[in-house]
Amino acid sequence: MDVKKKFKQQVSMRMMFMLVIMGILFLLSVSGVFAQSGESTTVVTVSPDVQKFGLIAAAIAFGMGAIGAGIAISNVGAAAMGAIGEKPEIAGQALIFIALAEGLVVFGFITALMILGKV
């Protein structure tokens, strides 16, 4: 039991570290957007630094959505296959739950497109 507790603690610490890094990258990527001031009707060129962080933010949004969907599908898919093995008539319902987990990738992709539209 001690090994499981230690493993859970390590995973939670790594997730916390990853969330902090993602937050810092997010703040860096949007800082240039809020720094613009003044009225102008001309096309505003984006500095390479802002564009660089915007591309990183889009990659993180899509990547984390794909990783989250992979984790969700692995858990839901395993449970669904076990349930179908015991009760084959619920295969349609199990497929719906797997498709719901796959929706996470779509949300990440849409978020990445929205970020790229601003860069």
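Residues numbered from 1 in each chain as written. Predicted model: local features only at pLDDT ≥ 70, side-chain atom pairs only at ≥ 80, totals over all residues. Heavy atoms only, no water.

Undergrad: I'm lost on the environment of glycine 70 in this one. Help?
TA: Take glycine 70: it is sitting in helix H2 (residues 48–86). Along the chain, glycine 70 and leucine 104 lie 34 residues apart, while their C-alpha atoms are 9.1 Å from each other. (Helix = DSSP H or I, 4+ residues; strand = E, 2+ residues; numbered from the N terminus.)

Undergrad: Looking at this structure, I do not really get the packing of aromatic side chains. What am I missing?
TA: Within a pair of aromatic rings, the relevant descriptors are the distance that separates the centres and the angle that separates the planes. As enumerated under the stated definition, the model contains one aromatic pair in all. Both rings, one in phenylalanine 62 and one in phenylalanine 109, keep their centres 5.9 Å apart while their planes meet at 70°; by these two values the pair is edge-to-face. On the criterion of sequence distance, the pair formed by phenylalanine 62 in helix H2 and phenylalanine 109 in helix H3 (residues 91–118) is long-range, its members being 47 residues apart. When its relative accessible area of 42% is taken as the criterion, phenylalanine 109 is described as partly exposed. For lysine 52, the ring lying beneath its charged end belongs to phenylalanine 53, and the centroid distance is 5.2 Å. (Phe/Tyr/Trp six-rings, centres within 6.5 Å; stacked < 30°, edge-to-face > 60°. Buried < 20%, exposed > 50% of the residue type's maximum accessible area, 1.4 Å probe, protein only. Lys NZ or Arg CZ within 6 Å of the ring centre and 35° of its normal.)

Undergrad: What exactly am I supposed to notice about H3 here?
TA: Helical geometry note: an α-helix holds 3.6 residues per turn, so side chains three or four residues apart project in the same direction. Taking 1.5 Å per residue, 28 residues should reach 40 Å; H3 reaches 42 Å between its end C-alpha atoms and fits that length. Check the buried side of H3 and you find it contacts H2. (Expected span 1.5 Å × (residues − 1). Contact = heavy atoms within 4.5 Å.)

Undergrad: Even after reading the chapter, I still don't get a nonpolar patch on the surface, so can you show me in this structure?
TA: Taken together, Leu55, Phe62, Val106, Phe109, Ile110, Leu113, Met114 and Leu116 make up a surface patch of nonpolar side chains, about 740 Å² in accessible area. Counting only elements with at least two residues in the nonpolar patch, the list comes to H2 and H3. If one sorts the elements of the nonpolar patch by residue count, H3 sits on top with six residues. Look at leucine 55 and you get partly exposed, because its relative accessible area is 44%. (Patch = residues over 30% accessible without salt bridge, like charges linked within 9 Å, V, L, I, M, F, W, Y side chains within 5 Å. Areas by Shrake-Rupley, 256 points an atom, 1.4 Å probe, with all protein chains shown as cover. Salt bridge = Lys/Arg side-chain N within 4 Å of Asp/Glu carboxyl O.)

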